[in-house]
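Geometric and topological summary
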Amino acid sequence: MPLVALIGGQWGDEGKGRIVDWMASRAAMVIRYGGGNNAGHTVVNKFGTFKLHLVPSGIFDPTTMNIIGHGVVIDPKVLIEELDMLREHGVDLSRLYISDRAHIIMPYHIIQDRLQERDRGDNKIGTTGRGIGPAYADKMSRIGIRAGDLLDQETLLSRLKPVVEEKNQILTRLYGVKAVPMTETFLAYVRYGVRLMEHITNVHSMVQRELARDSAILLEGAQGALLDVDYGTYPYVTSSPPGAAGAAQGSGVGPSRIRSVMGVFKAYSTRVGEGPFPTELSDEDPNAEVLRQSGTPWAEVGATTGRPRRLGWFDAVMARYSAEVNGIDILAITKLDVLDTLPTIKICIAYRMGDELIDTPPSSVANLVKIEPVYEEMPGWLTPTTGIRDFYRLPMQAQAYLARLCELIGARLGIVSVGPERDHTILVNDVF
Ligand code: GDP
Ligand code: IMO
Ligand code: MG
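Residues numbered from 1 in each chain as written. Chains lettered and ligands numbered in written order. Predicted model: local features only at pLDDT ≥ 70, side-chain atom pairs only at ≥ 80, totals over all residues. Heavy atoms only, no water.

1. Digging into the packing of helix α10 (residues 316-326) against helix α12 (residues 396-409)
Our working rule: Note on definitions: angles span 0 to 180 degrees between N-to-C directions of axes, and those axes are lines fitted to C-alpha atoms, for helices only across the stretch in contact. To qualify as a helix, a DSSP run of H or I must reach at least 4 residues; to qualify as a strand, a run of E must reach at least 2; elements of each kind are numbered from the N terminus. Roughly parallel means an angle under 35 degrees; roughly antiparallel, over 145; roughly perpendicular, 65 to 115; everything else is oblique. Contacts are assigned to residue pairs with any non-hydrogen atoms lying within 4.5 Å of each other.
For the pair α10 and α12, interaxial distance at closest approach is 8 Å and the crossing angle is 55°. Taken together, the axes of α10 and α12 are oblique relative to one another. Taken together, the residues of α12 that come into contact with α10 (itself represented by Ala 316, Ala 319, Arg 320 and Ala 323) are Glu 407, Leu 408 and Ile 409.

Structure representation (structure tokens):
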């Protein structure tokens, strides 16, 4: 059963989109299983450079079926814009399917997200402001609107009306802002339904058929394990389970079907938004300037919000924890080339908390901000790696660095990425 869940191992932006784009030609189906347009997955291939927010990164392969699974929350306006953009670039969208069970982001979700952030003041989470948290909250409160509802005006109206009434009480009375107009909202979402109709379907049989055929299926994660609502640095997390358990839940395959969990990790760390980041480097640190890669198309700037990403050394304490809670057994390590010019590279191998050394992250933010990272240093390789396609042609120091990451994380190496383009890839161990 070649079913592989590909998940972000850190705080998102590990290069998941780019790995999925490379792997898609080997897969019959790619299912994006969670998150929404808080995600930004950069793909660079012969069609151009893309920042995908909702469409699975397997869309560029001419034979792969691509599914937006029911674990995703969809802003239909953003999705339609993304589809139009892809069509203009000559990308075939006929194999794109949207689960009719996927929840829909409504205008009041976006307003609520932004007002909640405003009111958090100094304790803000640094959300992407895309309505993600409120949409998942409404799904759990059983007042969500689903993609299938957009295709049936009567159902949409009967589900939407009481929700809009309740939301408008909150918006006008609690926040003192304008109400959301019921009729306009309803009509706009009916129109979105018409635009997306050809893609929205019950994807269950499609997925089961490929499972029965033993086809290679890739489950594409968004966000990262450390943003997980249970395992992440709560409350500085997203509102969904981006890990392996979420992959099963959000795509509609049973957990026993997943053969392998591939963790995508950057060769260093980044984080966008607020929250603890033990190995963070100050902006003035010259190493941070190297990691930022300013002036390049792959500079560390958020693909969705354009915010600068916070930068730091690889945190093996977090990475091992992430591998443990998700059962990561194989790794894709990206952005190795970013380290090419560093004479010395640090890896955090433990945390010091008072007089104690700990090797697992504390569960509370209050304790996480108190720890001091303990570093091990490794020599850099000071050689460009982007042109290399064979692991054994990498400089010895780079091989040693990768081997050390695998040892610390506790998983074998599958893929090394040495540049942003599709073919800047070194295959070490196949997963399918
Ligand atoms: P995702 O959200 O996990 O798909 O990752 P993002 O697309 O948000 O961020 C990854 C960034 O790194 C993008 O700008 C990619 O083009 C770039 N990238 C991915 N892999 C590599 C790599 O191996 N080397 C370099 N230099 N850039 C990479
Ligand atoms: P990809 O798929 C990086 C972060 C936000 C914020 C927190 C909560 O591109 O890796 P939300 O809008 O989800 O309520 O914000 O989560 N975040 C991401 N950071 N990459 C992402 O996605 C992210 N999706 C959410 O910055 O800190
Ligand atoms: Mg991203």
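Read on for the rest.
2. Some remarks on the nonpolar core
It is characteristic of soluble globular proteins that their nonpolar side chains tend to be buried jointly. Operational definition: In plain words, nonpolar cores are sets of buried Ala, Val, Leu, Ile, Met, Phe, Trp, Tyr and Cys residues tied together by side-chain atoms within 4.5 Å. A simple rule labels every residue: compare its accessible area, found with a 1.4 Å probe on the protein chains alone, to the largest value its type can have, and call it buried under 20%, exposed over 50%, or partly exposed in between.
Formed by 58 residues in total, the largest nonpolar core has its most connected members in Leu 219, Phe 314, Leu 331, Leu 336, Leu 339 and Tyr 401. For this core, the leading source of residues is α12, giving 7 residues. Setting aside residues no more than four positions away along its own chain, Leu 219 makes contact with Leu 3, Val 4, Ala 5, Leu 6, Ile 31, Tyr 33, Ala 247, Ser 251, Val 253 and Ile 258. Judged by nonpolar contacts, the second largest core, of 41 residues, contains Val 55, Leu 86, Ile 104 and Met 106.

3. Let's talk about the site of ligand 1
What counts, and what does not: Each residue is tested against the molecule or strand, and it is near if at least one of its non-hydrogen atoms lies within 4 Å. Two N or O atoms count as a polar contact when they lie within 3.5 Å, although within protein this holds only if one can serve as hydrogen donor and the other as acceptor, and sequence-adjacent residues are included solely when both atoms are side-chain atoms. Each accessible area is a Shrake-Rupley estimate made with a 1.4 Å probe; only the visible protein chains count as cover when residues are assessed.
Close to ligand 1 lie 19 residues; Lys 16, Gly 40, Thr 42, Asp 337 and Ser 417 are nearest. For ligand 1, an oxygen atom lies 2.4 Å from a polar atom in the side chain of Ser 417. Summarising the interface, the protein chains cover 98% of the accessible area of ligand 1, which totals 590 Å² for the free molecule. Elements supplying a minimum of two residues to the shell around ligand 1: α1 (16-23) and β3 (41-45).

4. Some words on the sheet that holds strand β1 (residues 3-8)
Strand pairing in a sheet is mediated by backbone hydrogen bonds. Such pairs are either parallel or antiparallel. Our working rule: A pair of strands counts as paired when DSSP detects no fewer than two bridges linking them.
In space, the 10 strands of this open sheet follow the order β9-β7-β5-β2-β10-β1-β11-β15-β19-β20, with mixed pairing throughout. Of all strands in the sheet, those bounded by a partner on one side alone are β9 (200-201) and β20 (425-427). Where strand β5 (residues 65-68) lies against strand β7 (residues 96-99), 3 bridges are found, and the strand directions are parallel. What sits directly across from Asn 66, in β7, is Leu 96.

5. A look at the site of ligand 2
Our working rule: Charged means Asp, Glu, Lys or Arg here, nonpolar means Ala, Val, Leu, Ile, Met, Phe, Trp, Tyr, Cys or Pro, and polar covers whatever is left, Gly included.
Neighbouring residues of ligand 2: 20 residues in total, closest Asp 13, Lys 16, His 41, Thr 128 and Thr 238. Within the contact set of ligand 2, an oxygen atom lies 2.9 Å away from a backbone nitrogen or oxygen of Gly 40. In the model, an oxygen atom of ligand 2 is placed 2.7 Å from a nitrogen or oxygen of the His 41 side chain. Surface burial for ligand 2 is 98%, taken as the share of its 550 Å² of free accessible area covered by protein chains. In terms of residue class, the shell around ligand 2 is made up of 7 nonpolar, 10 polar and 3 charged.

6. Details of unusual backbone geometry
Along the chain, Tyr 234 connects to Pro 235 via a cis peptide bond; the corresponding omega equals 5°. Among the structural elements, Pro 235 can be located in the loop between β10 (217-220) and α8 (244-251). In this model, Gln 223 sits at a positive phi of 55°, which is unusual for a non-glycine residue. Locating Gln 223 in the fold gives a position in the loop between β10 and α8. Positive phi outside glycine occurs at Lys 335, with the angle close to 60°. Inspection of the secondary structure puts Lys 335 in the loop between β15 (330-334) and β16 (344-353). Since its relative accessible area comes to 14%, Lys 335 is described here as buried.

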